[in-house]
Amino acid sequence: MSQNSVYWHPIGFILCHLLAALLFSSWLFEPTHSYWERLDTAVFYTLNGTLAWGYEWQVFWASANSKSADITTGLVMIAFFLYFAFSCGPTAMVKRLTMFGIMAGTILLSQDSGVVDLYTQMISVSRISPSLTLEPVHRLSELVPWIHAKDASSGSFPGDHGMVTFIWLGSVWFFAGWRWGIPALMMSVLILLPRMVAGAHWLSDNLVGSATLVLLIMAWIFCTPVAYYLQRLGERILEFILPKRWQGS
């Protein structure tokens, strides 16, 4: 393997940019924008309509949209990646822990006052959630008022949960491969469902708004020498910190 192939992933770099451009332009321009609108509306009414099934179902989804559920979900995502990191020998473990660090740093970069602010300023898209736009709607804050559930947003595009979830998913696929990526994909669907059931986000908030930014972030961090040098730096730091018996031969 040449040094250039270690540093660069040109096919992935190009594909990420092409897919990001295709996604965003399909949502921004006609005639495909109308298809996105119809899909958004259909998904909202289908998912939110299930809240009419009964009080226990409403309590479940209200709990899934609470702050405690968000924390639990984050811990599960961390545990999943750390299980991957520790399910190997000592030498590989150090390398995988640096991958976890790169993923965590990328997620922090995507949050408020980071790249996402620049992104929202550049695209100049202002959008409110379906629970504030469409009728009829089942609002969890009214159905289960004793649980502080998030069911609305005055700035739903892009989806904040979507960005974190897609960065986590992309990191798993890039670093761990499809055997870990497939269960991570199924978990990601479950992670994104609560906000859409509650009506806090449209489907395209995640599939277009979040995915477009994450594809660009993945291209410039994971498909360029940035990831390689960050990993080398992380390995040096961990080799200095971790006990020698953890580092293998």
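Look up: the structure comes first, before these words.
Residues numbered from 1 in each chain as written. Predicted model: local features only at pLDDT ≥ 70, side-chain atom pairs only at ≥ 80, totals over all residues. Heavy atoms only, no water.

1. Some details on the overall build of the chain
Moving on, step 1. Helices and strands together make up the secondary structure of the chain, namely 12 helices and 0 strands.
Moving on, step 2. When its helices and strands are written in sequence order, the chain yields α-α-α-α-α-α-α-α-α-α-α-α.
Moving on, step 3. Taking 2.2 N^0.38 as the reference for a compact globule, 249 residues should give roughly 18 Å; the C-alpha atoms of the chain span a radius of gyration of 20 Å, in line with that estimate.
Moving on, step 4. C-alpha atoms of the chain, sized along the principal axes, occupy 65 × 40 × 30 Å.
Moving on, step 5. A separation of at least 24 residues holds for 80% of the contacts in the chain among residues at least 6 apart in sequence.
Moving on, step 6. When the accessible area of the chain is evaluated, it comes to approximately 13,300 Å², of which 70% is carbon and sulfur surface.
Moving on, step 7. One finds the centroid of the 13 positive side-chain charges in the chain at a distance of 16 Å from the centroid of its 14 negative side-chain charges. (Helix = DSSP H or I, 4+ residues; strand = E, 2+ residues; numbered from the N terminus. Rg over C-alpha atoms; globule rule 2.2 N^0.38 Å. Contact = heavy atoms within 4.5 Å. Areas by Shrake-Rupley, 256 points an atom, 1.4 Å probe, with all protein chains shown as cover. Lys, Arg positive; Asp, Glu negative; His and termini not counted. Charge placed at Lys NZ, Arg CZ, Asp CG, Glu CD.)

2. With respect to the packing of aromatic side chains
Moving on, step 1. This model, assessed by the stated rule, comprises 19 aromatic pairs.
Moving on, step 2. Centre to centre, the rings of Phe81 and Phe84 are 5.6 Å apart; their planes meet at 80 degrees, and the pair counts as edge-to-face. On the criterion of helical spacing, the pair formed by Phe81 and Phe84 is a turn pair, its members being 3 residues apart in helix α5 (residues 67-86). Both residues of the pair, Phe81 and Phe84, count as buried.
Moving on, step 3. Consider the rings of Phe81 and Phe100, whose centres lie 5.9 Å apart with planes at 50 degrees: the pair is tilted. In this pair, Phe81 sits in helix α5 while Phe100 sits in helix α6 (residues 90-110), placing the two residues 19 residues apart along the sequence. Note on accessibility: Phe81 and Phe100 belong to one class, buried.
Moving on, step 4. Every member of this aromatic cluster is reached through a ring pair, and the members are Phe80, Phe81, Tyr83, Phe84, Phe100, Trp168 and Trp180. (Phe/Tyr/Trp six-rings, centres within 6.5 Å; stacked < 30°, edge-to-face > 60°. Buried < 20%, exposed > 50% of the residue type's maximum accessible area, 1.4 Å probe, protein only.)

3. What to know about the environment of Leu143
Moving on, step 1. Of note, Leu143 is situated in helix α8 (residues 140-143).
Moving on, step 2. Since its relative accessible area comes to 31%, Leu143 is described here as partly exposed.
Moving on, step 3. Placed 93 residues apart in sequence, Leu143 and Arg236 show a C-alpha to C-alpha distance of 53 Å.
Moving on, step 4. In this structure, Leu143 is in contact with Tyr55, Gln58 and His138, ignoring residues within four places of it in sequence.

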